[in-house]
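Tertiary structure, described
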Amino acid sequence: MIDAAQSRRGLWIAVAAFVIWGLMPLYWHLLRHVPSLQIVLHRSIWCAILVAAFLTLRQGRGWLREILAQPRLAGMLAMSGVLIAANWSLYVWAVNSGHVVEASLGYFINPLLNVVIGVLFLRERLSPPQWIAVVLAGCGVLWLTFNYGSFPWIALCLATSFALYGLIRKFAAVEAVQGLGVENLFVFGPAVLALVWFESQGGGGFFSLRWGGVTDLLLVMGGALTAIPLICFAYAVRRVPLTTIGLLQYIGPTLQLLLGVFFFGEAFGVDRAAGFGFIWAGLVVFAVDGYLQSRRRIVAQQA
């Protein structure tokens, strides 16, 4: 049973995760001279190493055996590892290929998928104002999709892969850091082999320092930047209703959108502004409803 304090802590940790994700395009932009696939491979490898080292120092080597002894749990984490690796690959490529705004659309669609999953399959319930918020946001996403000018495959693939990742991690009964460590270890071996192949073919630049020492450091630190918000997300998703998580996730894509328009200089016309206006109106309704519900709970406790 999740008490009010845990739920409140999970809520703020979720907000922190989405803010970090929203600002990530700035970091990957620093690595735009590195092939996108190799950025993701380094991201997976260094995230796995850093998390595994942390867990080993804190818990000893038994943390891995404990999870691998549960085949169903290990299988769930293998699936979540593949999903998040695919999500990373597409996202980094989108950022460094001039598709930051479309990537932000993907993460606007993703919370709606979480809400649908939460209501239809997890029996979570929405209050009337929350339904209004979801409908407004849904109208905005539909407007953006049909006025985008081409099929938004980047957005839809990002949304689907992350929604499925969140669903699996909600049911994977494992501590957040342990789960992240194991899911990254499942992709560690293939990532190392792929990087070795790139280096042997002359397409890499990490070990030869062809990209420079600063780039190598940024690639390594990308593992930590990956681990922190994912740990926060995995912690929060087991303590906060999936419908709430779904609506809070608009923080990340809003920040990405602002970066795409004002930092990367991507197009943002009237049609897109109208679509995002619906989404932001939904967020205002949701925020006001959450505040009023919180005030009512406080009054009830004081009575």
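Residues numbered from 1 in each chain as written. Predicted model: local features only at pLDDT ≥ 70, side-chain atom pairs only at ≥ 80, totals over all residues. Heavy atoms only, no water.

Looking at the overall build of the protein
As a reminder of what qualifies: Labels follow the DSSP assignment, with helices taken as runs of H or I lasting at least four residues and strands as runs of E lasting at least two, numbered in each case from the N terminus. The globule rule is 2.2 Å times the number of residues to the power 0.38, and the radius of gyration it is compared with is taken over C-alpha atoms. For every residue, the accessible area (1.4 Å probe, protein chains only) is compared with the maximum for its type, and the residue is labelled buried under 20%, exposed over 50%, or partly exposed between those bounds. In what follows, residue pairs with any heavy atoms lying within 4.5 Å of each other are defined as contacts. Per-residue and other accessible areas were derived by the Shrake-Rupley procedure at a 1.4 Å probe size, with only the shown protein chains allowed to occlude residues. Asp and Glu count as negative and Lys and Arg as positive, but His and the ends of the chain are not part of the count. Charge positions come from single atoms, namely NZ of Lys, CZ of Arg, CG of Asp or CD of Glu.
On a plain count of helices and strands, the protein comes out with 12 helices and zero strands. Ordering the α and β elements of the protein from the N terminus gives α-α-α-α-α-α-α-α-α-α-α-α. Computed over the C-alpha atoms, the radius of gyration of the protein is 20 Å, within 12% of the 19 Å expected from 2.2 N^0.38 for a compact globule of 303 residues. Oriented by its inertia axes, the alpha-carbon framework of the protein measures out at about 65 × 50 × 30 Å. In the protein, which comprises 303 residues, the proportion classed as buried is 49%. Considering only contacts within the protein whose residues lie at least 6 apart along the sequence, 86% involve residues at least 24 apart. When the accessible surface of the protein is split by element, carbon and sulfur atoms take 71% of a total near 14,400 Å². Taken together, the 19 basic and 11 acidic charged side chains of the protein have centroids lying 9 Å from each other.

Focus on the packing of aromatic side chains
What counts here: For this analysis, a ring pair means two rings from Phe, Tyr or Trp (six-membered ring only for Trp) whose centres lie within 6.5 Å, classed as stacked if their planes differ by under 30 degrees, edge-to-face if by over 60, and tilted for the remaining angles. The criterion is that NZ of a Lys, or CZ of an Arg, lies within 6 Å of the ring centre and within 35 degrees of the ring normal, and then a charge sits over that ring.
All told, the structure shown has 14 aromatic pairs when counted by the stated rule. Positioned above the aromatic ring of Y235, the side-chain terminus of R239 is 3.8 Å from the ring centre.

A closer look at the packing of helix α1 (residues 4-29) against helix α9 (residues 213-237)
Put simply, the rule is: Here an axis means a line fitted to C-alpha atoms, over the contact stretch when the element is a helix, while the angle between two N-to-C directions is reported on a 0 to 180 degree scale. In what follows, roughly perpendicular refers to angles from 65 to 115 degrees, roughly parallel to angles under 35, roughly antiparallel to angles over 145, and oblique to any angle outside these ranges. Crossing handedness is read from the near helix: turned anticlockwise from the far helix by less than a right angle, it gives a left-handed crossing, and turned clockwise, a right-handed one. Note that Gly is not counted as nonpolar here; it falls among the polar residues with everything else outside the nonpolar set of Ala, Val, Leu, Ile, Met, Phe, Trp, Tyr, Cys and Pro and the charged set of Asp, Glu, Lys and Arg.
It is the contact of α1 with α9, at a shortest axis distance of 8 Å, that shows an interaxial angle of 150 degrees. Compared by their axis directions, α1 and α9 come out roughly antiparallel. Considering the relative orientation of α1 and α9, their crossing is left-handed. Contacts from R9, G10, I13, A14, A17, F18, I20, W21, M24, Y27 and W28 in α1 reach L218, M221, G222, L225, T226, I228, P229, L230, C232, F233, Y235 and A236 in α9. When its residues are assigned to classes, the contact of α1 with α9 shows 19 nonpolar, three polar and one charged.

Side note on the side chain of T215
By the secondary structure assignment, T215 is in helix α9. The buried category is assigned to T215, whose relative accessible area is 6%. In this view, T215 contacts L31, H33 and V34; residues no more than four positions away in its chain are not counted.

A short note on the confidence of the model for the protein
To keep it simple, the criterion reads: Along the chain, pLDDT gives the predictor's confidence residue by residue, from 0 to 100.
Summary statistics for the protein give a mean pLDDT of 84 and a share of 96% for residues scoring 70 or more. Across the protein, element-level confidence peaks in helix α4 (residues 71-96) with a mean pLDDT of 91 and bottoms out in helix α10 (residues 242-248) with 73.

Observations regarding the packing of α1 against α4
Relative to each other, α1 and α4 sit at 65 degrees, their axes nearing to 9 Å. As α1 runs across α4, the sense of the crossing is right-handed. Here W21, M24, P25, W28 and H29 of α1 lie close against α4, whose contacting residues are Y91, V92, V95 and N96. A per-class count over the contact of α1 with α4 returns seven nonpolar, two polar and no charged.

Topic: the nonpolar core
In a soluble, globular protein the nonpolar side chains are often hidden away together inside. Formally: Put simply, buried Ala, Val, Leu, Ile, Met, Phe, Trp, Tyr and Cys residues joined by side-chain atoms within 4.5 Å make one nonpolar core.
Among the nonpolar cores identified, the biggest contains 55 residues, and W21, W28, L31, Y91 and F233 are the most heavily contacted of them. A total of 11 residues in this core trace back to one element, the largest contributor, which is α4. Setting aside residues up to four positions removed in sequence, F233 forms contacts with A17, F18, W21, F162, Y165, G166, I245 and Q249. The next biggest cluster of nonpolar side chains, apart from the first, holds 21 residues, and it includes L105, V115, L247 and I279.

Some details on the pattern of salt bridges
The following threshold applies: Salt bridge criterion: a side-chain nitrogen from Lys or Arg within 4 Å of a carboxyl oxygen from Asp or Glu.
Under the defined criterion, the tally for this structure stands at two salt bridges. Between E175 and R58 there is a salt bridge, with the nearest N and O atoms lying 3.6 Å from each other. Within this pair, whereas E175 is found in the loop between α7 (153-171) and α8 (176-200), its partner R58 is found in helix α2 (residues 36-59), the two being separated by 117 residues in sequence. On the accessibility criterion, R58 (44% relative accessible area) is partly exposed. Here R169 and E183 are joined by a salt bridge, their closest N and O atoms 3.4 Å apart. One end of the pair, R169, is in helix α7; the other, E183, is in helix α8, and 14 residues separate them in sequence.

Observations concerning the environment of W46
Topologically, W46 is positioned in helix α2. When near neighbours in sequence (up to four residues on either side) are disregarded, W46 contacts F206, L219, V220 and G223.

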